[in-house]
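# Remarks on the overall topology
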Protein chains: 8
Amino acid sequence: MKAAVVMGSVSDLPVLEKTIRTLKNYGINVDARVLSAHRTPDEAHAFASGAEDNGIEVIIAAAGKAAHLAGVLAAYTTLPVIGLPVKSSTMDGLDSLLSTVQMPPGIPVATVAIDGAENAALLAVQILSLKYPELKQKLLDHKRSMAAKVMEANQHLQKEIESI
Amino acid sequence: MKAAVVMGSVSDLPVLEKTIRTLKNYGINVDARVLSAHRTPDEAHAFASGAEDNGIEVIIAAAGKAAHLAGVLAAYTTLPVIGLPVKSSTMDGLDSLLSTVQMPPGIPVATVAIDGAENAALLAVQILSLKYPELKQKLLDHKRSMAAKVMEANQHLQKEIESI
Amino acid sequence: MKAAVVMGSVSDLPVLEKTIRTLKNYGINVDARVLSAHRTPDEAHAFASGAEDNGIEVIIAAAGKAAHLAGVLAAYTTLPVIGLPVKSSTMDGLDSLLSTVQMPPGIPVATVAIDGAENAALLAVQILSLKYPELKQKLLDHKRSMAAKVMEANQHLQKEIESI
Amino acid sequence: MKAAVVMGSVSDLPVLEKTIRTLKNYGINVDARVLSAHRTPDEAHAFASGAEDNGIEVIIAAAGKAAHLAGVLAAYTTLPVIGLPVKSSTMDGLDSLLSTVQMPPGIPVATVAIDGAENAALLAVQILSLKYPELKQKLLDHKRSMAAKVMEANQHLQKEIESI
Amino acid sequence: MKAAVVMGSVSDLPVLEKTIRTLKNYGINVDARVLSAHRTPDEAHAFASGAEDNGIEVIIAAAGKAAHLAGVLAAYTTLPVIGLPVKSSTMDGLDSLLSTVQMPPGIPVATVAIDGAENAALLAVQILSLKYPELKQKLLDHKRSMAAKVMEANQHLQKEIESI
Amino acid sequence: MKAAVVMGSVSDLPVLEKTIRTLKNYGINVDARVLSAHRTPDEAHAFASGAEDNGIEVIIAAAGKAAHLAGVLAAYTTLPVIGLPVKSSTMDGLDSLLSTVQMPPGIPVATVAIDGAENAALLAVQILSLKYPELKQKLLDHKRSMAAKVMEANQHLQKEIESI
Amino acid sequence: MKAAVVMGSVSDLPVLEKTIRTLKNYGINVDARVLSAHRTPDEAHAFASGAEDNGIEVIIAAAGKAAHLAGVLAAYTTLPVIGLPVKSSTMDGLDSLLSTVQMPPGIPVATVAIDGAENAALLAVQILSLKYPELKQKLLDHKRSMAAKVMEANQHLQKEIESI
Amino acid sequence: MKAAVVMGSVSDLPVLEKTIRTLKNYGINVDARVLSAHRTPDEAHAFASGAEDNGIEVIIAAAGKAAHLAGVLAAYTTLPVIGLPVKSSTMDGLDSLLSTVQMPPGIPVATVAIDGAENAALLAVQILSLKYPELKQKLLDHKRSMAAKVMEANQHLQKEIESI
């Protein structure tokens, strides 16, 4: 099982750490790299064209501002491409979101929330779980663990509320 | 191969025809239904919980306004859920888009463009193609066919431009 | 008199303290809990379905981002549900607001301002005051107290202005 | 049982017909009137101040653009005020929504969706049902009827889908 | 010459200091006060109705969020009312701006920029200068002084640029 | 009494007819002209610089898109300049509004609603009424007439409502 | 003198006719073609990489939605690339604008207004006029002709206004 | 080779340092100055009208809020004008962007990203490179250098990722 995590700039790494860690937790090999749709178009082209042959099964692409990266990779592959819009210094991520999600007919990008680093990874795992059923149980465990944490938070909450 | 296409209201069918037709063109069985996160929460719950047991491998959920449908289904399954925001009579689809894509950590929704009916289907096919490699060739053929159509349009364009 | 205060995440508690304190000041019993439309859908379902039988008369639901919580609870009850959109790290609360207020026909959510914690409580009190007229006087007192504070601020202001 | 339906301009009536009809269907007396926060401020003041004495138990206020009506009425009463933002010729209703919902602390307005005429009425019914339990059954019937309609739509849908 | 400066909350004073100081610099008497369209509607009504009789010739009203103050004062007077939208903790002032400027036909509010404290005062001076021509020269002097400052900044700039 | 009505393009005339008619109804002389901040900058400069000497006492400037007209005229005069943002074919008037209202410190523009043609005129009348008190009575009459029309609409409304 | 006019889809031709006609009026050779950043990435790459060798001196790229075309071409050339955001069926062109203009450091796109077809051509002419001074006079003539048309419109306006 | 860098306020200098430094790095003479469309309209007029005669070949204009500067300069010259929208204290730069880019037909402004200081300079260099081919090689070198930096970042990234 192998997923690529591509970022438009190395400055996006703090956002993407969560993505990479989550994928690793599910036992998925991660091919992480910096590739820019605009500064390294040839490398982006080569990467996306060869991704499948290199064993990559799903691509996560994170970029900010006029975020063309996910769309440009999707143009060169039929692998599912997950777009992760990154909030930049202006426009609060709206530019990244619209540039990523509003793809024209024919070339979809599976877009998650602005800075939704964990969800990008979980979506990749869900997609891979169709082919690798062993991931299913882990996803279910995660769902249960999330629910359990909410229930635990409840107990904590009851004490907090006493003092309000 | 089986995909579910769920719509929040039967009035969304004109948007979704393209989705269903595209899936069928790829030989994918379609389980289409109307389910509302708000008006039929129990049915939505039952559908999503049992989707995997019913052979469904990917879910496309289309809704407008405060579009909770995709997120609510995703809460009950570990299958990949594709969210298709539908433009409604106000806010030009921005409400549907944000309600679909801005999911909190833990429960991703793979969001496509507002009214991006064809792309919702193509994303489902790409996801299924990991498990069913026979879809790959069709996806490649479609990519080539799109490129060919653009090139054909070019020839048409040259004549049009003469007369400008 | 009993109101529920439900939050999508325990991290929303700082916003909701004001809500809970205001309700308590009016002598209303508060059932506060963390419930997620996405991470604990079954618990959310159970809570909303049983709310009325548990003596709850109005529900306040606070959530951020794709804020489905209020709408999901409203799907399972005929009690009035007050939606409190919480500002999250991107989009300045616009996503929370639209996801909460733009409900489709049939399932209303009574939405207050982004981070409008006190108003969520006051709206609950106004609603309860129809059945419990003893709350009316307190609401009037609060209105008068607010007016008095504005008038007091005026006196303070006159001194400040001298020195400008 | 009595609800007021106040509109900022008689041109809002087409939107509000659904509100009035829904209230009547639940057996609620409707006091409908045109009142402008800006053109008839004295009448708006007099109406809101005397609403409770006139037997009104909940107020629905619909207005567009810089929609001050709901907020201005709420300033003069402790009755719950439901704000219905009306889409006008520019800004797609965003101005109406923000002017209605973003109320400052102390004076809540229970805001529903832009042009959410039916939901304004249903919210009023839910609020009244706390005091008048006979409305509860009707609300439940409505919920069931909505669900039944969705299920019926499903049967219709299956036929439609055959031909796609 | 007398202008009123009305603020929705004393917390708006830091923004309005510039307004008051500018008016004083032009020799205009300032009647400053806190008045809330929602918390002190009667006082707002009384103030606006009596403003002209009290010698006030122009009103500046500053408010944030669902900023109804300027519009509500304008409803009760035929004096020119200048609306100053104040940025609050969410929505970056867009709510204040739209609530102030998008007034319905019949009741104008002369709106300046979000947090445009100095311009609110200068606009008041321009308006008063029609009646009090002695203000004209001061306005021209200010225009010249602004231009001179820009030209001075240029000289400073040339030095700064050397070192880039 | 003389007001100028300046439009960025003759295509704005349908919006401005209401402005001109309203000014005439108040007995104000109207100097109407097309002037573009971008296409006729010299004429705009000459007009604004000489406006006061030509007896103009207030300027209404209407423009769409990147609406610089009001600001550019305001740069050349100390007369009050009223900005009327005109909705154009995209962005629903938001570009016109922000370009008109968000003026930097020193040069105010009194902005009215998008397409707020009547209010631009009424604001001009209010401003002129400081110097020409004979306008006051007409403004009061107009306020009363608006209120009367609302009250008449009410009678009409009562009949309409019977049949709902 | 040669400019390329590239459109993401042949459906953009109606918008671009004005661009092509304007360029031709200035005696500029036009290389027009349909190229999609997503459907024909190789052709887009080849076109942009070879543009300079083919005598092209400036590129105009028009696209809608997640409009990556201008940015993708700019990645492969050092020629100036003018981006023309095209309004599509949702979001009123805001998605096209942000996707075109918000380019990351290193790869600029010279963006004009949404659907600003004529300005895209005029900007190309201005750029070319640095190298081809014979274009300067034509640009000046156009500026004068625009001013003359505004002045003519004024004469027409005066007659129209009589009858208001 | 000479470019002008014009800023609406000296407070924009920190943003523009990058612009000036980049131009200098390409060996382009920089004429930098503060000019306000509103506070020094005559100087802005004089500057733009005489720019070409003063050897200036391209103008970069930076401004915030209702950013009229680029458009006003473009009205007085046929040189290409690059607009650089500067983020100000409210609206996150959206006002600056729309005021700069949404120019009416006839007067284009080549707009770059909000705070896109480096790209404004690079666009100027690209434009100048048509006339001064010696700039081409430097632009290509810069493109290669950017690509090389991305590739270097990749090596750094691989180490970082080990530890996640």
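All of these numbers come straight from a predicted model, not from anything done at the bench. (Residues numbered from 1 in each chain as written. Chains lettered and ligands numbered in written order. Predicted model: local features only at pLDDT ≥ 70, side-chain atom pairs only at ≥ 80, totals over all residues. Heavy atoms only, no water.)

In this section: unusual backbone geometry. The backbone of A:Asp92 sits at a positive phi, close to 55°, despite the residue not being glycine. Relative to the elements of secondary structure, A:Asp92 occurs in the loop between β4 (81-86) and α4 (94-101). Phi at C:Asp115 takes a positive value of approximately 60°, unusual for a residue other than glycine. For C:Asp115, the location among the structural elements is in the loop between β5 (110-111) and α5 (117-131). When its relative accessible area of 30% is taken as the criterion, C:Asp115 is described as partly exposed. (Helix = DSSP H or I, 4+ residues; strand = E, 2+ residues; numbered from the N terminus. Buried < 20%, exposed > 50% of the residue type's maximum accessible area, 1.4 Å probe, protein only.)

Glancing now at the arrangement of the chains. When C-alpha atoms are compared, chain A and chain E, though not in contact, are closest at a spacing of 11 Å. A gap remains between chain C and chain H, which never touch, and the nearest two C-alpha atoms on either side lie 11 Å apart. (Contact = heavy atoms within 4.5 Å.)

Turning our eyes to something else, we now look at the pairing of strand β4 (residues 81-86) of chain C. All names here are of chain C. Most of β4 is tucked away, with six of its six residues classed as buried. Burial of β4 is two-sided: the residues Val81, Gly83 and Pro85 facing one way and the residues Ile82, Leu84 and Val86 facing the other way are all buried. Sheet topology places strand β3 (residues 58-64) next to β4; six bridges connect them, and they run parallel. From the neighbouring strand, Gly64 faces β4, where its bridge partner is Val86. Between the parallel pair β3 and β4, the chain is carried across by helix α3 (residues 69-75), and the sense of this crossover is right-handed. (Pairing = 2+ DSSP bridges. Right-handed = clockwise from strand over helix to strand, strands pointing away.)

It is worth spelling out the interface of chain A and chain G at this point. Across the contact, 25 residues belong to chain A and 25 residues belong to chain G. Carbon and sulfur atoms make up 64% of the surface buried where chain A meets chain G, a total of about 2200 Å² over both sides. Ranking the residues of chain A by area buried against chain G places A:His38, A:His68 and A:Gln102 at the top, with a combined share of 26%. At the junction of chain A and chain G, the tally comes to zero salt bridges. Our count for the chain A to chain G interface comes out at twelve residue pairs in polar contact (both at pLDDT 80 or more). Top element by residues in the side of chain A that touches chain G is α4(A). It accounts for four residues. Along the lines of polarity and charge, the residues of the side of chain A that touches chain G split into 14 nonpolar, seven polar and four charged. (Buried area = accessible area lost by both parts, 1.4 Å probe. Salt bridge = Lys/Arg side-chain N within 4 Å of Asp/Glu carboxyl O. Polar contact = N/O pair within 3.5 Å; in protein donor to acceptor, adjacent residues only side chain to side chain. Nonpolar A, V, L, I, M, F, W, Y, C, P; charged D, E, K, R; others polar.)

Quantified by volume, the largest pocket comes out at close to 1000 Å³. Considering the residues around the largest pocket, the lining is formed by 34 residues, among which B:Leu94, C:Leu94, D:Leu94, F:Leu94 and G:Leu94 are closest to the centre. In the lining of the largest pocket, the residues fall into 16 nonpolar, six polar and twelve charged. (1 Å grid on protein atoms, 1.4 Å probe; cavity = no way out; pocket = protein on both sides within 12 Å on 5 of 7 lines; lining within 4 Å. Points joined across faces, edges and corners; volume = space filled by probe spheres on them.)

Residue and element names in this part refer to chain E. This model, assessed by the stated rule, comprises 48 salt bridges over all chains. For the salt bridge of Glu57 with Lys131, the shortest nitrogen-to-oxygen distance reads 2.8 Å. Of the two residues, Glu57 is situated in the loop between α2 (41-50) and β3 (58-64) and Lys131 in helix α5 (residues 117-131); the sequence distance between them amounts to 74 residues. Lys131 gets classed as partly exposed once you look at its relative accessible area, which sits at 35%.

Note on the copies: chain B fits chain A at an RMSD of 0.0 Å, the axial shift is 0.0 Å, and the rotation between them is 180°. Put plainly, the chains are arranged around a two-fold axis. When you check the interface residues of chain B against chain A, 100% turn up at the interface there too, and the contact is symmetric in its surfaces. (Least-squares fit on C-alpha atoms with pLDDT ≥ 70 in both.)

Residue and element names in this part refer to chain A. Domain boundaries assigned for chain A yield domain 1 (2-132) and domain 2 (136-164). Each of domain 1 and domain 2 was reduced to a C-alpha centroid, and the two centroids are 30 Å apart. Roughly 560 Å² of surface becomes buried between domain 1 and domain 2 when both sides are summed, with 60% attributable to carbon and sulfur atoms. Counting the surface domain 1 buries against domain 2, the share from its top three residues, Tyr26, Leu122 and Ser129, is 64%. Applying the counting rule to domain 1 against domain 2 returns zero salt bridges. Inspection of the domain 1/domain 2 interface yields zero residue pairs in polar contact (both at pLDDT 80 or more). (Domains from an automatic or database assignment.)

Let us now look at the interface of chain B and chain A. If you look at the interface, chain B gives 41 residues, while chain A gives 41 residues. When the two sides are added together, the surface that chain B and chain A hide from each other amounts to roughly 3300 Å², 63% of it contributed by carbon and sulfur. Among the residues of chain B in contact with chain A, B:Thr78, B:Pro108 and B:Leu130 are the three that bury the most area, contributing 21% of the side total. Taken together, the connections running from chain B to chain A amount to two salt bridges. Ionic pairing is found between A:Glu52 and B:Lys136, a salt bridge with its closest N-O pair at 2.9 Å. For the interface between chain B and chain A, the tally reads 21 residue pairs in polar contact (both at pLDDT 80 or more).

Time to look at the environment of E:Thr78. Take E:Thr78: it is sitting in the loop between α3 (69-75) and β4 (81-86). The spacing of E:Thr78 and E:Lys138 is 60 residues in sequence and 27 Å in space, taken between C-alpha atoms. If sequence neighbours within four positions are ignored, E:Thr78 has contacts with E:Glu52, F:Gln126, F:Ser129, F:Lys136, F:Leu139, F:Leu140 and F:Lys143.

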